[in-house]
Structures are given as structure tokens and as C-alpha cells.
Amino acid sequence: MSPPCSSTPAAAAAAVEDPYLWLEDVLGTKQLEWVSKVNSDCISAIGDPKTTKTYTRIKNILDSKDKIPNAFRINDEYYYNFWQDETHIQGIWRKTTLQSFKSASPEWTTVLDVDALDPPTTETAKTWVWHGSTLLNEGDAKICDRALIKLSPGGSDADICREFCLKTEQFVDDELQGFAILTPAKTRISYRSRNELLVGTDFYQDGSTLTDSGYPRVVKSWKRGTPISEAVTVFEAQQTDIAANMYTYHDRGFVHEFQSRSITFYTSQYFYRALSCEGVAGVTADMEQTPFREVPIPEDAVVETFANMALITLRSDLDVPTAADGGDSRTFKAGSLVSLPLDELMENSWKNAIAMFEPTPSRSLSSSTETKDYVILKILEDVRTKLEFWKFCAETQSWSKQICGDEDDDGAVSIGQDVSVSSHCRNSYEDNTLWLWRDGYLVPNTLEMATADDCCKATEFIKAKPAEFNADGLIVEQRFATSKDGTRIPYFVMRKKDVKMDGSNAVLLDAYGGFEISMLPGYSAAVGAGWLERNGIKVIANIRGGGEYGPIWHQAALKSKRYKCFEDIEAVAQALIDSGLTSREKLACIGGSNGGLLVGNLITRPIASSLFGAAVCQVPLLDMKRYNKLLAGASWMGEYGNPDTDDWKFLRHHSPYHLLRHDILGKPEMDENGILGKPTESTNPDWKCPKTLFTTSTRDDRVHPGHARKMVASLLEEAGKEKAREVYYWENTEGGHGGAADNSQRAHMWALTYNFLAQALDLERS
């Protein structure tokens, strides 16, 4: 299909270098016609997923009433949960008592039915997608009776917000002066008090109050009973920042108010002031006279609170003075969790600072959970989880690490399993009771009730999810591959115990490698039903760029070092082949979002493209020259680099769209002076694209669907059947960055994925 004619000389020049630039117009008529055609071609080639057993299995799993609800207490009596199944397609917010929740058949009361709402009228969106609730918190012993409900049209990041009354279980209408933002936008909003919100949004619907990344740049104080046009500006970030934020909250008898500039994805500037319950309820943010002061921490650190203590997570080493004259100092390592009294921090006094966690080469902090008196740390030791408990004494303002087991017992879970805790209350400081979750790649979820007071030793069984796929004969093992620079890369293998090591096994290799996100064990019945039961083998690689070994592991593949994560996955793939577990023809890779960028590189890099027979590339970034100009792309320059600077010199080698069109296919490329060059010889004339399925969403307003559209168009039209024999594309018209808006769409996407892989790797004959 030919692109529309360019209207300006600049646009014409850009279109010559990039003939598929026109596909970035998300909702254009010709563009959607192109989408419709390639979608149709995809279904014709692979088959309609809805007619297959895989779709039925996955849909039944997603709709199963045997799922364990995530339920959390609001106030003293009811536990609230958001739920989707075959009856409640878009979902219901519902509640029950603890006694009922513990029973085999809880009696739920519907609080809000999303399916019953009038549908959105936004472009291609046909349904509302639940984006959660924010509660009014007025301090200790106060009943919560209001919430802000966020709903997204079609699953996009942009959403609307309406105030909801938990007593009447109705939206608070205009007559009762309820808060409402009914135009979808990427909004940050929270209660400051009962009658005041702090809100950042696209106030004038022209982008003037947004950053270059498309997030709020301006925060305003919005009083009840006034139109949002009268809200008063209380904080502004810079245009090039990712976002501005201002938030106020009650914390174990203290009231904290912060302002923050998210400068990049990993750097922020914080400002703080202490308030009182009476003050925050009686004086609005624009009238409050207490000045904000900058929090004296590095820009790449994160500050949180526990009562009147500061909790600081470090991404780089921090040298701090420990004596008043500055004569003595101490270094806290990158990846540490440091605590000290908040008032001392604001005076830059670190003499009472302690490290609640310090990393080692094999040990990192995954996350933390709070209760009334405890902070529980989830720690990874070579990607195996253990929990540590720290108790706070308000009288002495001190922490004590709790002894939770025998000295010889490291407390780590078995390989391929996981354990985590969360407060059973939406306000975690109400008590020390916890939900304790256990699961694993082959182990269905269980939920227990426990307490931090005994380090969760004594637990009460609450619920267990039944096995949703046949795991008989399956095992999980952890292996390590050696990357090109000698770094050990851990990976998990889910396979049959008696599998033949003759290279005949279909293997699906999954990885992410970015944004300090760890890929931890978890039960996925869809993987089991769609892949493992069909004799497929699943591999999860914990490559650099992730968070499995803390910020150092992440930073090892940052910006100019991005290629390290590609080398890591190549090493894992080669190890799988060398072990005899699989072969090139039987090995596929899969990844989404940043993982889609990974897959895009794997199918275009000389080494990687020769290691894989198939690939699935989901909601990907692929054009790294333009990514910062598309939707939220500018917010990721801290991860990838800025292509409008000298960073392009290394980004060019990480951009799959350019690797394909200019290196492999030899298409003309614009030089740094804007002059279009001549066609060149291929740097890899023998390159063949692995069989590849691309999936994305029209409603994805985080990663632009133009990335996948343009890559596929080039593969289909420029590479052609000779070099890209099997390339397919599926674009869902709803779903946002998750690719699907409801369980039917999710089942469709995953059934299509697994059916494609089964065909591409000849799975049934493995």
C-alpha cells in the first residue's frame, strides 16, 4: 500500500529516508486500512485463535472463579477486590467480610460494576478499563468514606477520574460537589484533605501543562465546589522533566508533604515540609506558609518515610559525614536501603544513619513491605527469594533486625519458587497482619494470613489455587551461561525431567533486560496450558539491564552499554543449543515493550539472528531515532540515551529499524547534516529473518504502535519473502500497553502467540 503524499519539503525528505513514517498516524484512515489488511493476513496464515483449544483453555483460566482474589481491608469490616470473569468482562469492584473471604464460597457485594457504565466515546475505545482507586486518608482512627476511581477508555494510559462514596456506593455527583475529570488524560491525582485535591493533568487540553514526555508538568490545588479552571498552581517542573508530582499523606501520626521533579527515569529532586493533621485539613496547599526545603540526597536516590524516619534507596555509592566537623565519613553502597530520622536528614546529618540492607555481588533488595511496626525486605540471592524483618521502636527512633530462623537456615525458597508479603489493609500502618503469598513456575498460588510479629512463622491457610495445567513430570532448574565479557547470567529452565538432549526440543526463551525490572518465578497457567502441556520448554533469562542483582546489574546495560543485554541473551541461547536441549530451528525468543526492543535486536543482529528460528515481538520499541518523539518515549532517555545528541552514535547500533533498513537491506540513510546518502551493500547479505509475529495495540499510548507497524512494513515490502519468509502482525484496536482490555482479548493474543510458535517450531512433532 502506498503512503499518502507528503505536504512539505521537510516531510518529503523524511518520507524518502523513512517511507513508512506515514504509519505513525495512529488513527488515520489509510493507516487503519493497512492494519486491517495485515491483521487479516495474520489470521489467515496462523488461524483464528478463537476456534482453537488453546484459546478456550486460556480464556477459561483467565475467567476461572478459582483465582485467588487480591483483597484488602478498607476501614474495619470489609475487604475489597477488583474481579473479572466471563460474566463481568470489564470487571466489578466488590467487597466481603474476612470471615466470608476465608470460606470456600465467599459472599461478595458489588460496589461498582464497570460493565454497567455508559461506554466511552473516545476514538476506537469501546469499553472502560479499571485503573484503580485512591482513598481519602484523614489520619489515624478516621473512617475512609471517599475514593477517586480512575477508568481508562480502551486500556490506554490516559484515563478519567470520578469521586466515589463508599457509604452510598455511588459516584458523587455535581449536586454534592464531587470531584470529576471526564476528559481522558495522563493524570496524577490524590487527596490532600477531604475538600482538596492535588492534581496534575492536561488542564487546557493543549499539552501546555505537560512535559515533553506527555506527563503532568504542573500541579494544582483544586478545592471542592470549584471548577478545575479555578485550581491554583502550587508546583511546576521543567519542560524537559518527565513529570511533576506533589503528594501529602498521613504516616503513623505524622503528616508528610513532598514535591518532586522526575528529571529522568532514574533521577529526581525532592522537596519536603512537615505538616499537622489540623493544618492540612484547615489550610490549603496554596495558602500553607510552611516552606518546602530540598531533601539533601543524590538525584538518583529515592526517599520514602516510616513514621518520622526517612528510608532512602540508593542507586549509586553515597559518601556521608558521620561527625559534625565532617572529619569522619562512611560509604553506603549502591543498592543499599538507608534509614535515619527525617529531621536529621533535612539538616544533612547522617550520624545516626544505618543500612537496613547492603548488597553483595550475589545479593540484592527486590522490594519492601510495611506494617504498623515493621519493614519487611524481599531479598534476592542469585534470584532466590528470602524475607528479612526489621522492627521500629518509636521511643528510641531505632530499628532492630529480627531473628527469624536457625542460623544454618538461609530462609531462601526453593529454585523456581517465590514468596512475598503485603499488608492486608489498604492503609498498611493499621496493624502488623500480612498476606503471605507463595507460588512458583510449577507451583500454583497459595494465600496465608500471618503476622510480622513472629516473622510469619505461624500462618493461617486461607486459599489455594488448584493446578490449572498438568505439571506431572516437569522440573525447574537454574543454570548459568557465560556472557561474552565473562559475566555469569542466570536462567531458569522449565522442562520434562526425561527430555532428550538431542536438539529436537521446542524452546521459548523469554527475557526483558531493562529498567531494573527483575523476572522472578511465578505461576502462569497460560504458559502451562499454551506451551508446557504441548511439550514446549520455557526458559527465563535474568539478563543485565534488569534488577536481579540490584542497580549495578541494571547499569551494566544502560545507554551505550545496552549491547551487553543482547550479548547475555545470545550467550544463553548458545548454551541451550550447546547443551543439546534445542537447536536453532527449534529455538524462539519472546519479549514485550523493552523486551520487544530486545527481540527486535535479536532478529537483526548477525549472531542472534542465526541462533533463533522464531520470535515474538510484543508492543515493541524499534525505531530508536524517533522513539523520544513518540508518546511517552522522552521519559526513557535515561535508559536508552537521547538520539538528538551524540548518543545517536551508539543508539544507531541498538535500533532494529535502522539495523534492518540500512545495514541489512542497504537502504539510503540520512547523515548528520540531513543529507540523504546512497544505497549501500548489505553488512549481512546472508541474513534471514526468523519467523516472527509482531503484536501491538492501537490504544497503546505508552509505546507508539508506529514502531511495530513500520518494522513490519519494511519486512513485508522491502525484505520480502526471500529474506523474511514468515512475518505476521496483529494489532488489537483496544488494550493499551498491555495489548488487551479484557480476558477475551488477552486469551486471543496469547492463543495466537502460542499457536504461531507451535507452527513455527513444529512443536507437535517435538
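Please read all numbers here as calculations on a predicted model, not as lab measurements. (Residues numbered from 1 in each chain as written. Predicted model: local features only at pLDDT ≥ 70, side-chain atom pairs only at ≥ 80, totals over all residues. Heavy atoms only, no water.)

### A few points about helix 9 (residues 563–578)
Along its 16 residues, helix 9 runs 22 Å from first to last C-alpha, staying within 8% of the 22 Å computed at 1.5 Å per residue. The set of residues buried in helix 9 consists of Lys564, Cys565, Phe566, Glu567, Asp568, Ile569, Glu570, Ala571, Val572, Ala573 and Leu576. Of the residues trailing helix 9, Gly580 is marked for its positive phi of about 85°. (Helix = DSSP H or I, 4+ residues; strand = E, 2+ residues; numbered from the N terminus. Expected span 1.5 Å × (residues − 1). Buried < 20%, exposed > 50% of the residue type's maximum accessible area, 1.4 Å probe, protein only.)

### Some points on the packing of helix 9 against helix 10 (residues 594–602)
The relative placement of two packed helices is expressed as an angle between their axes plus a distance between the axes. As a packed pair, helix 9 and helix 10 sit with axes 10 Å apart at the nearest point and diverge in direction by 70°. For the element pair helix 9 / helix 10, the angle class is roughly perpendicular. Where helix 9 crosses over helix 10, the two elements pack in a sense that is right-handed. Residue-level contacts link Cys565, Phe566 and Ile569 of helix 9 to Leu598, Asn601 and Leu602 of helix 10. Of the residues in the contact of helix 9 with helix 10, the class split is five nonpolar, one polar and no charged. (Axes fitted to C-alpha atoms, helices over the stretch in contact; angles between N-to-C directions. Parallel < 35°, antiparallel > 145°, perpendicular 65-115°, else oblique. Left-handed = near helix turned anticlockwise from the far one by under 90°. Contact = heavy atoms within 4.5 Å. Nonpolar A, V, L, I, M, F, W, Y, C, P; charged D, E, K, R; others polar.)

### Points about the pairing of strand 35 (residues 537–541)
Within strand 35, five of the five residues are buried, which leaves the element mostly enclosed by the surrounding structure. Residues of strand 35 alternate between two faces, with Ile537, Val539 and Ala541 on one and Lys538 and Ile540 on the opposite face, all of them buried. Judged from the four bridges that link them, strand 34 (residues 507–510) and strand 35 form a sheet pairing that is parallel. Directly across from Leu508, in strand 35, lies its bridge partner Lys538. The parallel pair strand 34 and strand 35 is bridged by helix 7 (residues 525–530), and the resulting crossover is right-handed. (Pairing = 2+ DSSP bridges. Right-handed = clockwise from strand over helix to strand, strands pointing away.)

### What about the state of the cysteines?
Put plainly, a disulfide is one covalent bond tying together the sulfur atoms of two cysteines. Under the defined criterion, the tally for this structure stands at one disulfide. The disulfide bridge from Cys404 ends at Cys455, spanning 2.4 Å between sulfur atoms. The chirality of the disulfide connecting Cys404 with Cys455 is left-handed, given an S-S dihedral of about -55°. On the criterion of sequence distance, the pair formed by Cys404 in the loop between strand 27 (398–401) and strand 28 (417–423) and Cys455 in the loop between strand 30 (446–451) and strand 31 (460–464) is long-range, its members being 51 residues apart. Under the relative-accessibility criterion, Cys404 is labelled partly exposed at 26%. Unpaired in this structure, Cys393 has its nearest cysteine sulfur neighbour in Cys455, at a distance of 17 Å. (Disulfide = S-S within 2.5 Å.)

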